[in-house]
Amino acid sequence: MQVAVFVNSIYNLNMVQGTYSIDCYLTFRWTDPSIEIANFELMNGAPSSSPDSVEKIYENKSGPIKEESYRLRGDFRVTPNNVDYPYESGVLPIEIENTYLQSSQLIFVPLTDESGMEPGFVIPGWKFGTPAFSVTEHSYPGNQSFSQISYNIPITNDALASLLQTIVPPLIFCIIASLSFLILVKEPVLVSLRYTLSTTMFISAVMYHFGQLALIPGLGVLKLFDKFMIAVYLFLALTLAVTTFCYLAEHQWQRPELVKPINRYGFVVSIIIPVVSFWLLFVLI
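None of the values given here were measured: they were computed from a predicted structure.

Moving on, we get to the overall build of the protein. From N to C terminus, the protein includes four helices and twelve strands. Rg of the C-alpha trace for the protein: 29 Å, well past the compact-globule value of 19 Å for 285 residues, more than 25% over. Taken over the C-alpha atoms alone, the protein extends approximately 100 × 40 × 30 Å along its principal axes. When burial is assessed residue by residue, the protein has 42% of its 285 residues classed as buried. Taking contacts inside the protein between residues at least 6 apart in sequence as the whole, the part at least 24 apart equals 71%. Of the charged side chains in the protein, 15 are positive and 23 negative; the average position of the first set lies 15 Å away from that of the second.

Structural data, given as structure tokens:
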């Protein structure tokens, strides 16, 4: 049985949760006279709740080649891969099997030339690749196997938009906290100001991180965003450590000449250690 898929639109897209809805045309073509109708089912989704979610728009069974065409509006799901979050990419498949006929009776064959996507369709912030078919044999218990055809739509989000939405806020926290290196520690009130500046940004970073985690299903592994936030935490913690050593040198050790070197080199170390840590986490984990 030959199959063509033409996608009109994709909506309700949520790559973090792995859910999406598709409006498309399905065409089935076959020659076996014993097959009366296509009898297809969606393996990774279901028709939407609207009454016209599966609408037969054309059929021709008068000749040796039988044909049926449907307008389908379906809700689909795919296992999300958020390891590289906030950079989201993946494939949106439409997986189809015949309801009754096993692979010994029916094999799906893609109609590539008649398939595709609406050229004018766009989702702001997302880019689509060239869709492609794949055909596999799906086995079930009881020595049953069915031919399964999948129309796979590659998709990736806009890197710059993701950067602005997720990475820039923690960077701003770090920039604000780095202003503490400009504040002298000769007076206890100034030391308190440095601590307040750093701790406030630390708390803001933690709250922001937790807010993002609430949107992302747990994977049991460190995501790219988690690795970045670990580097942010290291920077903010080091700003507090530098303030502490500057205070000790000025007020307890009575070595004011050490304050400037500690502050200067502490600033450099506070940048190098988070950057190196992020790189190690990115490469090794």
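From this point, the discussion proceeds with the structure in view.
In this section: the side chain of Ser 270. Along the polypeptide, Ser 270 turns up in helix H4 (residues 259-284). Within polar-contact distance, the side chain of Ser 270 engages the backbone oxygen of Gly 266 at 2.6 Å. Leaving out residues up to four positions away in the same chain, Ser 270 has contacts with Phe 181, Phe 235, Leu 238, Thr 239 and Val 242.

A separate point is the pairing of strand E6 (residues 66-77). The buried count for E6 comes to ten of twelve residues, which makes it a mostly enclosed element. The sheet contact formed by strand E2 (residues 19-30) and E6 spans twelve bridges and is antiparallel. Among the inter-strand pairings, Phe 28 is bridged to a residue of E6, identified as Glu 68. Relative to E6, strand E4 (residues 45-47) is paired through three bridges, and the arrangement is antiparallel. Looking at the pairing, Gly 45 lines up with Phe 76 of E6. Two successive antiparallel strands, strand E5 (residues 54-60) and E6, enclose a turn made up of five residues.

In this structure the tally under the stated criterion is eleven salt bridges. Across the pair Lys 61 and Glu 59 runs a salt bridge whose closest N-O atoms are separated by 3.5 Å. Judged by its relative accessible area of 29%, Lys 61 is partly exposed. According to the relative accessible area criterion, Glu 59 is partly exposed, its value standing at 43%. Among the ionic pairs, Arg 255 bridges to Glu 257, the shortest N-O distance being 2.4 Å. If you follow the salt bridges from partner to partner, you end up with Asp 23, Asp 52, Arg 71 and Arg 73 in one network.

What follows deals with the side chain of Thr 239. With respect to the element layout, Thr 239 can be found in helix H3 (residues 224-252). The class of Thr 239 is buried, set by a relative accessible area of 0%. Ignoring any residue separated from it by four or fewer positions in sequence, one finds Thr 239 in contact with Ser 180, Phe 181, Ser 198 and Ser 270.

In terms of residue burial, strand E12 (residues 144-157) counts as a mostly covered element, since eleven of its 14 residues are buried. When strand E7 (residues 89-98) meets E12, the two strands line up antiparallel, connected through nine bridges. Directly across from Ile 96, in E12, lies its bridge partner Ile 149. Note that strand E10 (residues 126-128) and E12 share three bridges and pair antiparallel. Across the sheet, Lys 127 pairs through a bridge with Thr 156, a residue of E12. Pairing analysis gives nine bridges linking strand E11 (residues 132-140) to E12, with the strands arranged antiparallel. Each residue of the ladder has a partner; that of Ala 132, found in E12, is Asn 152. Counting the residues that bridge the hairpin from E11 to E12 gives three residues, and of these Gly 142 lies at a positive phi of roughly 90°.

Further remarks concern H3. With 29 residues, H3 extends 41 Å between its outermost C-alpha atoms, agreeing within 8% with the 42 Å of an ideal straight helix rising 1.5 Å per residue. Where H3 terminates, the next one or two residues include Gln 254, which has phi positive at roughly 55°.

A word on unusual backbone geometry. The omega torsion across Tyr 85 and Pro 86 is 20°, close enough to zero to call that bond cis. Secondary-structure assignment places Pro 86 in the loop between E6 and E7. Not every positive phi belongs to a glycine, and Asn 143 is a case in point at roughly 60°. Note on placement: Asn 143 falls in the loop between E11 and E12.

Where helix H2 (residues 188-213) contacts H3, the axes come no closer than 10 Å and their chain directions differ by 165°. If you check the angle between H2 and H3, you find them roughly antiparallel. Handedness of the H2/H3 crossing: left-handed. Of the residues belonging to the contact of H2 with H3, the class tally is 18 nonpolar, eight polar and two charged.

Cut-offs used in this document
- Residues numbered from 1 in each chain as written.
- Predicted model: local features only at pLDDT ≥ 70, side-chain atom pairs only at ≥ 80, totals over all residues.
- Heavy atoms only, no water.
- Helix = DSSP H or I, 4+ residues; strand = E, 2+ residues; numbered from the N terminus.
- Rg over C-alpha atoms; globule rule 2.2 N^0.38 Å.
- Buried < 20%, exposed > 50% of the residue type's maximum accessible area, 1.4 Å probe, protein only.
- Contact = heavy atoms within 4.5 Å.
- Lys, Arg positive; Asp, Glu negative; His and termini not counted.
- Charge placed at Lys NZ, Arg CZ, Asp CG, Glu CD.
- Polar contact = N/O pair within 3.5 Å; in protein donor to acceptor, adjacent residues only side chain to side chain.
- Pairing = 2+ DSSP bridges.
- Salt bridge = Lys/Arg side-chain N within 4 Å of Asp/Glu carboxyl O.
- Expected span 1.5 Å × (residues − 1).
- Axes fitted to C-alpha atoms, helices over the stretch in contact; angles between N-to-C directions.
- Parallel < 35°, antiparallel > 145°, perpendicular 65-115°, else oblique.
- Left-handed = near helix turned anticlockwise from the far one by under 90°.
- Nonpolar A, V, L, I, M, F, W, Y, C, P; charged D, E, K, R; others polar.

Worth remembering: the numbers are spatial, not functional.
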